Amino acid sequence: MRLGLYGGTFDPIHNAHLAVAQAALARFALDRVLVIPNRLPPHKQSSTGASYEHRLRMVQLACAPYPALLASDIENRETKSYTIQTLRQLRTQYREPCEFFFIIGADAFAEVASWYQVEEVFRMTRFLVVSRPGFSYTIPPGAQVDALDGFSLSTSATALRQALAAGEDNTSLAAHLPALVLAYIQQHQLYRRAATA
């Protein structure tokens, strides 16, 4: 099995996230992609705009139309989640031969050398690095890396939170958010006071 792992805060998950996951599936012949919202990400200093429970539910709604995309709560931990913990847990869950492909933005990959027990992470997974405008990276010794490029990802979760907090109309938001996710955000009045969270 070839398993993609796509982690992040997903605050909120948006169409560009889904495009990346679908591209990884197609280009690297993955069997499925686990979309994994972090409960307490180790490299984010500020709190998220929506609770973990809301972010997980939005990921579930966004993935529902795509059989090969699976929302995962594997990082629903009371302490900060480290990639090595997740990889070890997945290794015990998937006992059949399984290759891991970690989908990550170039901005986050640029800091990968600072990750906890990163040498073991490098041994356990291959990285699919998504190009981001303005970000470059070097490949640390031991890391296995493929570029996942060809995207023009102008959407950012920060900009979407700001637009939602400002009460931007649904037409412009619908271009960036899955319909079920936008409906959920409005139903629960998320991000009303979280423009910069």
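Everything below is about the structure printed above this text.
Notes on the structure in this doc start here. (Residues numbered from 1 in each chain as written. Predicted model: local features only at pLDDT ≥ 70, side-chain atom pairs only at ≥ 80, totals over all residues. Heavy atoms only, no water.)

Between side chains of opposite charge, a pair can form as their charged atoms come close. One pass over the structure, following the stated rule, counts five salt bridges. Between Arg2 and Glu99 there is a salt bridge, with its nearest N and O atoms 3.3 Å apart. Residue Arg2 is located in strand β1 (residues 2-8), and its partner Glu99 is located in strand β4 (residues 99-105); the two are separated by 97 residues in the primary sequence. Assessed through its relative accessible area of 43%, Glu99 is described here as partly exposed. A salt bridge links Arg161 to Asp11, with the shortest nitrogen-to-oxygen separation between them at 3.9 Å. (Salt bridge = Lys/Arg side-chain N within 4 Å of Asp/Glu carboxyl O. Helix = DSSP H or I, 4+ residues; strand = E, 2+ residues; numbered from the N terminus. Buried < 20%, exposed > 50% of the residue type's maximum accessible area, 1.4 Å probe, protein only.)

Interhelical geometry of helix α2 (residues 52-63) versus helix α8 (residues 179-188) gives an angle of 150° and a closest axis separation of 8 Å. Relative to α8, the element α2 is oriented roughly antiparallel. Handedness of the crossing formed by α2 with α8: right-handed. Residues His54, Arg57, Met58, Leu61 and Ala62 of α2 pack against Leu180, Val181, Tyr184, Ile185 and His188 of α8. Tallied by class, residues from the contact of α2 with α8 come to seven nonpolar, two polar and one charged. (Axes fitted to C-alpha atoms, helices over the stretch in contact; angles between N-to-C directions. Parallel < 35°, antiparallel > 145°, perpendicular 65-115°, else oblique. Left-handed = near helix turned anticlockwise from the far one by under 90°. Contact = heavy atoms within 4.5 Å. Nonpolar A, V, L, I, M, F, W, Y, C, P; charged D, E, K, R; others polar.)

Okay, the environment of Asp107 next. Within the secondary structure layout, Asp107 lies in helix α4 (residues 106-109). What Asp107 contacts, discounting residues up to four positions off in sequence, is Arg132 and Phe135.

Quick look at the pairing of strand β5 (residues 126-130) now. Summarising burial for β5: four of the five residues are buried, a large majority. Two strands pair when backbone bridges link them, and β4 and β5 are joined in this way by five bridges, in the parallel orientation. By the bridge assignment, Ile104 is partnered in β5 with Val129. Looking at chain direction, β5 and strand β6 (residues 145-148) are connected through four bridges and run parallel. Counterpart to Val129 in the pairing with β6 is Ala147. (Pairing = 2+ DSSP bridges.)

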